[in-house]
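What follows is the residue order along each chain.
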Amino acid sequence: MTILNTAKRALHFFRIGLAAKKLQRTQNETERLLAKRALAGLFADARGITMKVGQLFAGTDGATPFQELVEGIEPLPLKAMIPLLEKELGQKVKSVFRSIAPAIAAASLGQVHLAELKNGDKVAVKIRYPDISDAVDAELRLVGLMPGVGPVNRWGFDLDAYKRSLRDNMQRELDYRSEAQRQDYFGRAVQVPGLQVPTVYMDLCRERVLVQSRAEGVLIDKAAKWPERDRLAIGQTLVTTLFKSLFVAGEVHGDPHPGNVFYSHDPNGQALVTLLDYGCTITIVEQRRLALLKLIVGCRERNPTKPLDCFAALGFDSKKLSYIGGSLPALCQILFRPFLLNHPFNPEQWQLGQGVNDLLGDYRWWFRSAGPSDLFLLMRAFQGLIQQLQQLDVNLVWWPLLQQAVGRDLIAQAMAYQLPAVELPTTTALGFDQQATKLCVRVTEDGEQRVSVAMPAEAVLDLEHLIPEDVLERINASGKIDLKQLADSIRANGIIPRQLFVFDDGGKTYKVWLE
């Protein structure tokens, strides 16, 4: 039976692959819409891991056929779920519930039924699909067959570790008792104004059944049309919730697709965020929390903290990072840009991928392959937050929100935290205080200064585009200055104070340096 299930899932994967390829190749908008509908339908039919992938499409694709995966797909009939519910509870439904309604929508691993307990409490009952465990197991077997190709193979990604993380997480998601415990902890540990976590009825939770207080609200596409005051309040709640859960509680919600958040108003008219579905969370131990907070504060203050040591404490492969050790301070300024600004951060202007590529080029794969496999859920949480802020169209100042969420004492504890030693004697591991702060350009003609310009040091990453085209042509023609070699040197050694080049062009002299 297991072999048959695996074969069926493999066939479904193959069909999804063909549909995705067709979508990628289609240019006509009408045909693209039809292709998206077909692909969304295949994701919905698959449920399990495959449907979760489809929900990620919805997070970035807006109001399209993928949105149906967020709002829910066609559920199974109530009569098909009642026997499973009674088996898990060990008693008849009528003994526990005054009423239970057919599900109006279904998700990847189970479906939710609105119900009322005998005592009158209105609840939501999540019931795992029959046989979904076998389906997920079949999918995991297929994932286990994935080969390491391209960058995965070239840069030494630990693909087996990622497969293990996926397997462990999915197996935990299938056990609703584990989810209930994590939801209960999250609700107690993450106290944020404007945040609501449904109360779990622990005595009614089983491996395949979770009962929680009923939540109501709209999805983000509708909340995005609310007045600016409400949208700003929602944005602050979302950002503060992530910071509080990460640095204080150590338990982060790792499934930020739009269907897991409801938006409403409390009795006083204040915007309210209800966070649902705690099956996919990531636990961050204290050492990693302190190392990450120390890294962010060190980057902001440009203090002697060494990013390589912080990343190693987070679980990164320090040997791989040693190849880009000089560039890590500059990389952190790109990664943590929202925390460095003293004015509202606009997610639309954050060209993260482009910035990392400009700094590291192909060496960016050293950083990506060095990361621990279990942090991909944390990255997903941050990506989900950025997408939510974009949809809400709100810009926030992150640093005060971080300070408010974690408090001065925890920041002081992080700054005093002694990072584990990294034994790499040949490494160029720079501290934030060793970075240059300014890129300086001076042009003199016949001994007199004509131009003197200073700009942020990070502008050196775009040096070729800063130089006037005619001057760039003469520099390249001279053969005396190799700008590509200079860029490689910056990537290897970091953005540190140094003279970059002096170019004599007839009566003019161009001097460029970092300080």
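Residues numbered from 1 in each chain as written. Predicted model: local features only at pLDDT ≥ 70, side-chain atom pairs only at ≥ 80, totals over all residues. Heavy atoms only, no water.

Things to note about the overall build of the protein
Assigned secondary structure in the protein consists of 24 helices and 13 strands. The 515 residues of the protein split such that 50% are buried. In the protein, the share of contacts with a sequence separation of at least 24, taken over all contacts with a separation of at least 6, comes to 69%. Counting only carbon and sulfur atoms, one obtains 51% of the accessible surface of the protein, whose full area is about 25,000 Å². (Helix = DSSP H or I, 4+ residues; strand = E, 2+ residues; numbered from the N terminus. Buried < 20%, exposed > 50% of the residue type's maximum accessible area, 1.4 Å probe, protein only. Contact = heavy atoms within 4.5 Å. Areas by Shrake-Rupley, 256 points an atom, 1.4 Å probe, with all protein chains shown as cover.)

As for the sheet that holds strand β5 (residues 209–213)
Pairing between the strands of a sheet comes from backbone hydrogen bonds, and it takes one of two forms, parallel or antiparallel. The strand order across the open sheet built from four strands is β1-β2-β3-β5, with neighbouring strands paired in antiparallel fashion. The open sheet has two free edges, formed respectively by β1 (97–100) and β5, since each of these has just one partner strand. Direction aside, neighbouring strands of the sheet carry axes that sit 30° apart on average. In terms of strand pairing, β1 meets strand β2 (residues 110–117) through three bridges, oriented antiparallel. Bridge pairing links Ser 99 to Glu 116 in β2. Lying on the sheet, helix α5 (residues 78–89) is in contact with β1, β2, β3 (122–128) and β5; it crosses β3 at an angle near 95°. (Pairing = 2+ DSSP bridges. Axes fitted to C-alpha atoms, helices over the stretch in contact; angles between N-to-C directions.)

Some points on helix α24 (residues 483–493)
Within α24, the full set of buried residues consists of Leu 483, Leu 486, Ser 489 and Ile 490. The buried residues of α24 all sit within an arc of 110° when viewed along its axis, so they share a single face. Turned more than 90 degrees from where α24 packs its buried face, Lys 484 and Gln 485 sit exposed. Those residues of α24 that are buried are in contact with α22 (463–466), α23 (469–478) and β12 (498–505). Of the residues one or two after α24, Gly 494 is the one with positive phi, at around 95°. (Arc of directions from axis to C-beta.)

Here's the deal with the environment of Leu 466
Relative to the assigned elements, Leu 466 resides in helix α22. A relative accessible area of 42% places Leu 466 in the partly exposed class. Apart from the residues within four sequence positions on either side, Leu 466 is in contact with Leu 439, Met 455 and Ala 459.

Topic: the sheet that holds strand β13 (residues 508–514)
Strand order across the open sheet formed by four strands is β11-β10-β13-β12, with antiparallel pairing between neighbours. Where the open sheet ends on each side, the last strands, each with one partner, are β11 (448–456) and β12. Taken pair by pair, the neighbouring strands of this sheet meet at an average axis angle of 10°, ignoring direction. For strand β10 (residues 438–445) and β11, the ladder comprises eight bridges, and the chain directions are antiparallel. Paired with Thr 444 across the strands is Gln 449, a residue of β11. Against the sheet, α23 makes contact with β12 and β13, and its axis sits at roughly 95° relative to β12, the strand it touches most.

Comments concerning the packing of aromatic side chains
This structure, assessed with the given rule, holds 12 aromatic pairs. Between Phe 243 and Phe 339 the ring centres are 5.5 Å apart and the planes differ by 40°, which places this aromatic pair in the tilted class. Taken as a pair, Phe 243 in helix α12 (residues 228–249) and Phe 339 in helix α17 (residues 337–340) lie far apart in primary sequence, 96 residues in all. For the pair Phe 243 and Phe 339, a shared accessibility class is recorded, and that class is buried. Site record: aromatic cluster; members linked through ring pairs are Phe 243, Phe 336, Phe 339, Phe 345, Trp 350 and Trp 398. The ring of Tyr 176 carries the charged tip of Lys 126 above its face, separated from the ring centre by 5.0 Å. We note Lys 511 situated over the ring of Trp 513; from NZ or CZ to the ring centre the distance is 5.1 Å. (Phe/Tyr/Trp six-rings, centres within 6.5 Å; stacked < 30°, edge-to-face > 60°. Lys NZ or Arg CZ within 6 Å of the ring centre and 35° of its normal.)

With respect to the confidence of the model for the protein
Averaged over the protein, the pLDDT score is 83; the fraction of residues at 70 or greater is 78%. Segment residues 1–14 is flagged for pLDDT under 50; beyond a separation of four residues in sequence, or across chains, it makes 21 contacts in the model. (pLDDT = per-residue confidence, 0-100.)

Focus on the packing of α12 against helix α13 (residues 286–301)
At a minimum axis distance of 8 Å, the contact between α12 and α13 shows a crossing angle of 125°. If you check the angle between α12 and α13, you find them oblique. Touching Leu 246, Phe 247, Val 248 and Ala 249 of α12 are Arg 289, Leu 292, Leu 293 and Ile 296, all from α13. The residue inventory of the contact of α12 with α13, partitioned by class, reads seven nonpolar, no polar and one charged. (Parallel < 35°, antiparallel > 145°, perpendicular 65-115°, else oblique. Nonpolar A, V, L, I, M, F, W, Y, C, P; charged D, E, K, R; others polar.)

Digging into the pairing of β12
Walk down a regular strand and you will see the side chains alternate between the two sheet faces. Examined bridge by bridge, β12 and β13 share seven bridges and lie antiparallel to one another. Each residue of the ladder has a partner; that of Phe 501, found in β13, is Val 512. Linking β12 to β13, which pair antiparallel, is a turn of two residues; within it Gly 506 sits at a positive phi near 65°.

Notes on the packing of α13 against helix α21 (residues 398–416)
Where α13 meets α21, the closest approach of the two axes is 9 Å, and the angle between their N-to-C directions is 105°. Taken together, α13 and α21 sit at an angle that is classed as roughly perpendicular. Judged by residue contacts, Glu 286, Leu 290, Leu 293, Lys 294, Ile 296, Val 297 and Arg 300 of α13 engage Trp 399, Leu 402, Leu 410, Ile 411, Gln 413, Ala 414, Met 415 and Ala 416 from α21. A per-class count over the contact of α13 with α21 returns 11 nonpolar, one polar and three charged.

Comments concerning the side chain of Gln 183
Along the chain, the position of Gln 183 falls in helix α10 (residues 176–189). Gln 183 sits in the buried class, given a relative accessible area of 1%. Residue contacts for Gln 183: discarding those within four places in its chain leaves Val 197, Pro 198, Val 200, Leu 210, Gln 212 and Tyr 278.

Considerations on unusual backbone geometry
Of note in the backbone geometry, Asp 393 takes a positive phi value of approximately 60° without being a glycine. Mapped onto the elements, Asp 393 comes out in the loop between α20 (376–392) and α21. A positive phi angle, near 50°, is found at Asp 446, a position not held by glycine. Following the sequence through the fold, Asp 446 ends up in the loop between β10 and β11. Judged by its relative accessible area of 65%, Asp 446 is exposed.

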